Amino acid sequence: KRVKPLAKANALSKKELDDAQGRVNAAAAAVDMASADVETAKLNLGYTTILAPVTGASSFARIQSGAYVNAQSGPLTYVAQLDPIWVDFSLSEDEMLKFRQEQQSGQLRIPESSELVIELVLADGSVYPETGRVFFRDANYSTETGTFLVRATFSNPDGALRPGQFVRARAGRDPPQRSPG
């Protein structure tokens with residue numbers, strides 16, 4: 001602003017006006033570069049936050065804070081969904097054969113899996129207040145354990161059941177629905 005009127009009045013040379021304009025242009029370019037650097041830093045910072053698509057409890061951090069992470073780093077942690085929670089239990093081959101024999105002889109009637117209610121007994125002998133439903137029965141027999149895997153789902157609103165916890169599963173059937181009146 002000061003140089004232009006002086007150059008117009010021939011108090012400064014054209015070269016000095018050009019030099020001043022060059023400094024203004026260089027400063028404007030430096031501001032633009034700094035703004036671009038700020039945007040790049042914001043973008044890079046966005047990659048430092050990892051969000052899980054589920055809610056639950058997180059395991060311990062397997063990578064220390066501040067460490068460089070890439071695809072070869074492996075899992076950082078895992079999040080276990082707590083509500084609803086799955087409970088896996090198994091039936092031995094002997095139990096399965098016994099159930100089939102009793103079913104064929106008419107001594108036992110096994111309900112459909114949707115009618116099968118699972119009750120959990122906790123380590124202290126108390127019964128978990130929620131009942132679950134079987135939603136998966138593995139067709140394969142495990143030669144390692146000699147069992148068939150069964151999975152039930154349970155409501156777990158207060159997070160009382162945790163992944164890896166040991167419980168006993170008891171199967172029963174829904175009581176018949178009474179008609180009103």
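Scope of this entry: the structure provided in the associated data block. Along each chain, the written sequence defines residue order, and numbers are assigned to residues from 1. Only residues with pLDDT of at least 70 are given local features in this predicted model, and only at 80 or more are side-chain atom pairs given and counted; all residues enter the totals for whole chains, interfaces and linings. Side-chain numbers come from the whole structure's heavy atoms, not from hydrogens or water.

### A look at the overall build of the protein chain
Then, in step 1: Helix and strand labels come from DSSP, where a helix needs a run of H or I of at least four residues and a strand needs a run of E of at least two; each type is numbered from the N terminus. Scanning the protein chain from N- to C-terminus turns up three helices and seven strands.
Then, in step 2: Listing the helices and strands of the protein chain from first to last along the sequence gives α-α-β-β-β-α-β-β-β-β.
Then, in step 3: Values of the radius of gyration come from C-alpha atoms, whereas the globule rule sets the reference at 2.2 Å times the count of residues to the power 0.38. What you see for the protein chain is a C-alpha radius of gyration of 35 Å, clearly larger than the 16 Å of a compact globule of 181 residues, by over 25%.
Then, in step 4: With the principal axes as the frame, the protein chain shows a C-alpha extent of 115 × 50 × 30 Å.
Then, in step 5: Buried, partly exposed and exposed residues are distinguished by accessible area as a fraction of the type maximum, computed with a 1.4 Å probe on protein chains only: under 20%, between the cut-offs, and over 50%, respectively. Residue burial in the protein chain is summarised as follows: out of 181 residues, 17% are buried.
Then, in step 6: The contact definition used throughout considers only heavy atoms, calling two residues in contact when any of these lie within 4.5 Å. For the protein chain, the proportion of contacts with a sequence separation of at least 24, taken over those separated by at least 6, is 58%.
Then, in step 7: The centroid of the 20 positive side-chain charges in the protein chain is displaced by 11 Å from the centroid of its 21 negative side-chain charges. Only four residue types enter the tally: Lys and Arg on the positive side, Asp and Glu on the negative side, with His and both chain ends excluded. Charged side chains are reduced to one point each, which is NZ for Lys, CZ for Arg, CG for Asp and CD for Glu.

### Observations concerning the layout of surface pockets
Then, in step 1: With a 1 Å grid laid over protein atoms only, a set of points is called a cavity when a 1.4 Å probe fits there but cannot get out and a pocket when it is open yet has protein on both sides within 12 Å along at least five of seven lines; lining residues have an atom within 4 Å of a point. Grid points are joined across faces, edges and corners, and a volume is the space filled by probe spheres set on the points. In this structure, the largest pocket spans a volume of roughly 610 Å³.
Then, in step 2: Around the largest pocket sit 23 residues that line it, and L91, F99, I110, L116 and R137 are the ones nearest its centre.
Then, in step 3: Going through the elements one at a time, strand 3 (85–92), helix 3 (93–105), strand 5 (132–142), strand 6 (147–154) and strand 7 (168–173) are the ones with two or more residues in the lining of the largest pocket.
Then, in step 4: No other element matches the five residues that helix 3 contributes to the lining of the largest pocket.
Then, in step 5: When residues are sorted by character, Ala, Val, Leu, Ile, Met, Phe, Trp, Tyr, Cys and Pro go into the nonpolar class, Asp, Glu, Lys and Arg into the charged class, and all the rest, Gly among them, into the polar class. When its residues are assigned to classes, the lining of the largest pocket shows 14 nonpolar, three polar and six charged.
Then, in step 6: Space inside the second largest pocket adds up to approximately 470 Å³.
Then, in step 7: Lining the second largest pocket are 19 residues, with W86, V87, D88, P163 and G164 positioned closest to its centre.
Then, in step 8: Counting residues per element, the lining of the second largest pocket draws most heavily on strand 3, at five residues.

### Notes on the packing of aromatic side chains
Then, in step 1: Aromatic contacts are taken between Phe, Tyr and Trp rings whose centres are within 6.5 Å, Trp giving its six-membered ring; a plane angle under 30 degrees counts as stacked, one over 60 as edge-to-face, and the others as tilted. If you walk through the whole model with that rule in mind, you get three aromatic pairs.
Then, in step 2: Their ring planes at 75° and their centres at 6.4 Å tell us that Y128 and F154 sit as a pair that is edge-to-face. Here F154 lies in strand 6 and Y128 lies in the loop between strand 4 (116–121) and strand 5, a separation of 26 residues in the sequence.
Then, in step 3: Ring geometry for Y141 and F148: centres 5.3 Å apart, planes at 55°, overall tilted.
Then, in step 4: What makes F148 buried here is its relative accessible area of 14%.

### Details of the pairing of strand 5
Then, in step 1: Sheet topology places strand 4 next to strand 5; two bridges connect them, and they run antiparallel. The partner of V117 across the bridge, within strand 5, is R133.
Then, in step 2: Of the pairings in the sheet, the one linking strand 5 to strand 6 comprises six bridges and is antiparallel in character. Its bridge partner being in strand 6, V134 is matched across the sheet by A152.
Then, in step 3: Between the antiparallel neighbours strand 5 and strand 6 lie four residues, among them G146 with a positive phi of about 70°. Any two strands with at least two DSSP bridges between them are considered paired.

### With respect to the pattern of salt bridges
Then, in step 1: A carboxyl oxygen of Asp or Glu within 4 Å of a side-chain nitrogen of Lys or Arg is what we treat as a salt bridge. According to the stated counting rule, one finds three salt bridges in the structure shown.
Then, in step 2: Among the salt bridges present, the one from E119 reaches R170, with a minimum N-O distance of 2.6 Å. Pair noted here: E119 is in strand 4 and R170 is in strand 7, with a separation of 51 residues, a long-range link.
Then, in step 3: Taking relative accessible area as the criterion, E119 reaches 28% and is therefore assigned partly exposed.
Then, in step 4: The class for R170 is partly exposed, based on a relative accessible area of 43%.

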